[in-house]
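Structural description and commentary
In case you want the letters, here they are:
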Amino acid sequence: AQSVTQPDIHITVSEGASLELRCNYSYGATPYLFWYVQSPGQGLQLLLKYFSGDTLVQGIKGFEAEFKRSQSSFNLRKPSVHWSDAAEYFCAVGALDTGRRALTFGSGTRLQVQP
Amino acid sequence: SAVISQKPSRDICQRGTSLTIQCQVDSQVTMMFWYRQQPGQSLTLIATANQGSEATYESGFVIDKFPISRPNLTFSTLTVSNMSPEDSSIYLCSAQGAKVTEAFFGQGTRLTVV
């Protein structure tokens, strides 16, 4: 079965600083990987996804993520954080070939942005 | 992409009562799922809503507590039965198209049981 680990429960960065949120997955074949953001009291918004091709994926709001098969990682990055990026970020994995179509989510990373 | 509407967006309920949450998708989708997000936690899959047949429940979730319907390819309901304060969570509906790479979420229903 697939699993996702987000090692950082809480991260604080200063506005304008760069950001990297870590995500490690466990899955035997090629996974489908997602990053979602959840603002307080809101649902999930898809930031980006990877399923094949270029391992560097561009998303919305200036985010990008890089798939590294050798490290089983799919870390999310942003070169300059804005105060509005403060939210909870979830990494998720999907797998078509197991017959399990639902996504498996990591525990989330809460991002706090200091002025 | 698909747009998912969930009703209600939030509710406060008395213990022992039941609440039915509705999920409407603006296009036909292959798969629909229900997730629970307990306070400060990640999303946990409750069940897969199967069109025209009984839902497939994950370990720890049972039909008597969380009955699910999916009468067609665009609509599903989740009922939280005989509620207790431990059921206070956000409940999210999700839909997938033919490809697992297309995964959409509703805004969620924030349930508080008092």
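Let us look at the structure shown here. (Residues numbered from 1 in each chain as written. Chains lettered and ligands numbered in written order. Predicted model: local features only at pLDDT ≥ 70, side-chain atom pairs only at ≥ 80, totals over all residues. Heavy atoms only, no water.)

1. Observations concerning the packing of aromatic side chains
- Counted according to the given criterion, the structure contains 14 aromatic pairs over all chains.
- Judged by centre distance (6.4 Å) and plane angle (55 degrees), the ring pair of Tyr32 of chain A and Phe51 of chain A falls under tilted. A residue pair is termed long-range when its members are at least 10 positions apart, and Tyr32 of chain A in strand E5 (residues 32–38) and Phe51 of chain A in the loop between strand E6 (45–50) and strand E7 (56–58) qualify at 19 residues.
- Look at Phe105 of chain A and Tyr35 of chain B: their rings are 5.6 Å apart centre to centre, the planes differ by 85 degrees, and that puts the pair in the edge-to-face class. Of the two residues, Phe105 of chain A sits in strand E11 (residues 104–105) while Tyr35 of chain B sits in strand E4 (residues 31–37), which places them in two different chains.
- Note on Phe105 of chain A: relative accessible area 9%, which makes it buried.
- Classification of Tyr35 of chain B as buried rests on a relative accessible area of 0%.
- An aromatic cluster is built from Phe34, Tyr36, Phe90 and Phe105 of chain A together with Tyr35 and Phe105 of chain B, whose rings are joined through pairwise contacts. (Phe/Tyr/Trp six-rings, centres within 6.5 Å; stacked < 30°, edge-to-face > 60°. Helix = DSSP H or I, 4+ residues; strand = E, 2+ residues; numbered from the N terminus. Buried < 20%, exposed > 50% of the residue type's maximum accessible area, 1.4 Å probe, protein only.)

2. Focus on the interface of chain A and chain B
- Across the boundary between the two partners, chain A contributes 20 residues, which contact 23 residues of chain B.
- For the pair chain A and chain B, the two sides together bury roughly 1700 Å², of which 54% comes from carbon and sulfur.
- Together, Leu44, Arg101 and Phe105 of chain A form the three largest contributors to the area buried by chain A at its contact with chain B, with a combined 34%.
- Applying the counting rule to chain A against chain B returns zero salt bridges.
- Across the contact surface, chain A and chain B share five residue pairs in polar contact (both at pLDDT 80 or more).
- Counting residues per element, the side of chain A that touches chain B draws most heavily on E5 of chain A, at four residues.
- Of the residues assigned to the side of chain A that touches chain B, the class counts are 11 nonpolar, six polar and three charged. (Contact = heavy atoms within 4.5 Å. Buried area = accessible area lost by both parts, 1.4 Å probe. Salt bridge = Lys/Arg side-chain N within 4 Å of Asp/Glu carboxyl O. Polar contact = N/O pair within 3.5 Å; in protein donor to acceptor, adjacent residues only side chain to side chain. Nonpolar A, V, L, I, M, F, W, Y, C, P; charged D, E, K, R; others polar.)

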